[in-house]
Amino acid sequence: MPKGYWISRVDVQDAEIYKSYVAAAAPAFEKYGARFLARGGRSESLEGVTRSRNVLIEFESLAQAHACYHSPEYAKARAFREKSAMADLILVEGV
């Protein structure tokens, strides 16, 4: 079965509130087996619009990635993220 991935591109506007997002999201990521492959490290934009923070998260399947995003656990975290950052989030099925 193909893996599922979250690709998040984020500009944090309030670092203190964003810390609350990170803490609140941890239970959802743990519950749904998230594996962080990239988490805000150095990046280089070659084309298009960029954001300052890029995150790549692997799940066992696209269904697991969807379940995590739509879970009650992540909904609590998302509220903090929406108050503290501008983000683009894409779910992608792997090969």
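Residues numbered from 1 in each chain as written. Predicted model: local features only at pLDDT ≥ 70, side-chain atom pairs only at ≥ 80, totals over all residues. Heavy atoms only, no water.

Visitor: What exactly am I supposed to notice about the packing of helix α1 (residues 15–31) against helix α3 (residues 72–84) here?
Guide: Packed helix pairs are characterised by how far apart their axes lie and by the angle those axes make with each other. Interaxial distance between α1 and α3 falls to 8 Å at its minimum, and their mutual angle equals 155 degrees. Between α1 and α3, the angle is such that the two are roughly antiparallel. Once α1 is placed against α3, the crossing between them reads as left-handed. Only Glu73, Tyr74, Ala77, Arg78, Phe80, Arg81, Lys83 and Ser84 of α3 make contact with α1, whose side of the interface consists of Ile17, Tyr18, Ser20, Tyr21, Ala24, Ala25, Ala28, Phe29 and Lys31. (Axes fitted to C-alpha atoms, helices over the stretch in contact; angles between N-to-C directions. Helix = DSSP H or I, 4+ residues; strand = E, 2+ residues; numbered from the N terminus. Parallel < 35°, antiparallel > 145°, perpendicular 65-115°, else oblique. Left-handed = near helix turned anticlockwise from the far one by under 90°. Contact = heavy atoms within 4.5 Å.)

Visitor: Looking at this model, I keep getting lost on the nonpolar core. Mind explaining?
Guide: Across soluble globular proteins, nonpolar side chains have a tendency to be buried as a group. Residues Trp6, Tyr21, Phe29, Phe59, Cys68 and Tyr74 are the most contacted members of the largest nonpolar core, which totals 16 residues. Only β1 (4–12), α1, β3 (53–59), α2 (62–69) and α3 provide two or more residues apiece to this core. For this core, the element with the highest residue contribution is α1, accounting for five residues. Among residues more than four places away in sequence, those in contact with Tyr74 are Trp6, Tyr21, Ala25, Ala28, Phe29, Cys68, Tyr69 and Arg81. (Core = buried A, V, L, I, M, F, W, Y, C linked by side-chain atoms within 4.5 Å. Buried < 20%, exposed > 50% of the residue type's maximum accessible area, 1.4 Å probe, protein only.)

Visitor: Is there a simple way to think about the sheet that holds β1 in this case?
Guide: Strand pairing in a sheet is mediated by backbone hydrogen bonds. Such pairs are either parallel or antiparallel. The four strands are arranged β2-β3-β1-β4 in an open sheet whose pairing can be described as antiparallel. For this open sheet the edge positions go to β2 (35–39) and β4 (85–93), each flanked by a neighbour on one side alone. Put simply, the sheet's adjacent strands are angled 15 degrees from each other on average, direction ignored. Of the strand pairs in this sheet, β1 and β4 are connected by nine bridges, and their pairing is antiparallel. Bridged to Val10 within β4 is Ala87. (Pairing = 2+ DSSP bridges.)

Visitor: Before we go on, may I ask you to explain the pattern of salt bridges in this structure?
Guide: Oppositely charged side chains may form a pair once their charged atoms are brought near each other. Counted under the stated rule, the structure contains eight salt bridges. Put simply, Glu16 and Lys19 hold a salt bridge, and the shortest N to O gap is 3.1 Å. Of this pair, Glu16 and Lys19 both sit in helix α1, three residues apart, which is roughly one turn of the helix. Residue Glu73 pairs with Lys31 through a salt bridge whose shortest N-O separation is 2.9 Å. Remark: Lys31 occurs in helix α1 and Glu73 occurs in helix α3; sequence separation between them is 42 residues. The class of Lys31 is exposed, set by a relative accessible area of 52%. Here the salt bridges do not stand alone but share partners, grouping Arg9, Asp11, Arg51 and Asp88 into one network. (Salt bridge = Lys/Arg side-chain N within 4 Å of Asp/Glu carboxyl O.)

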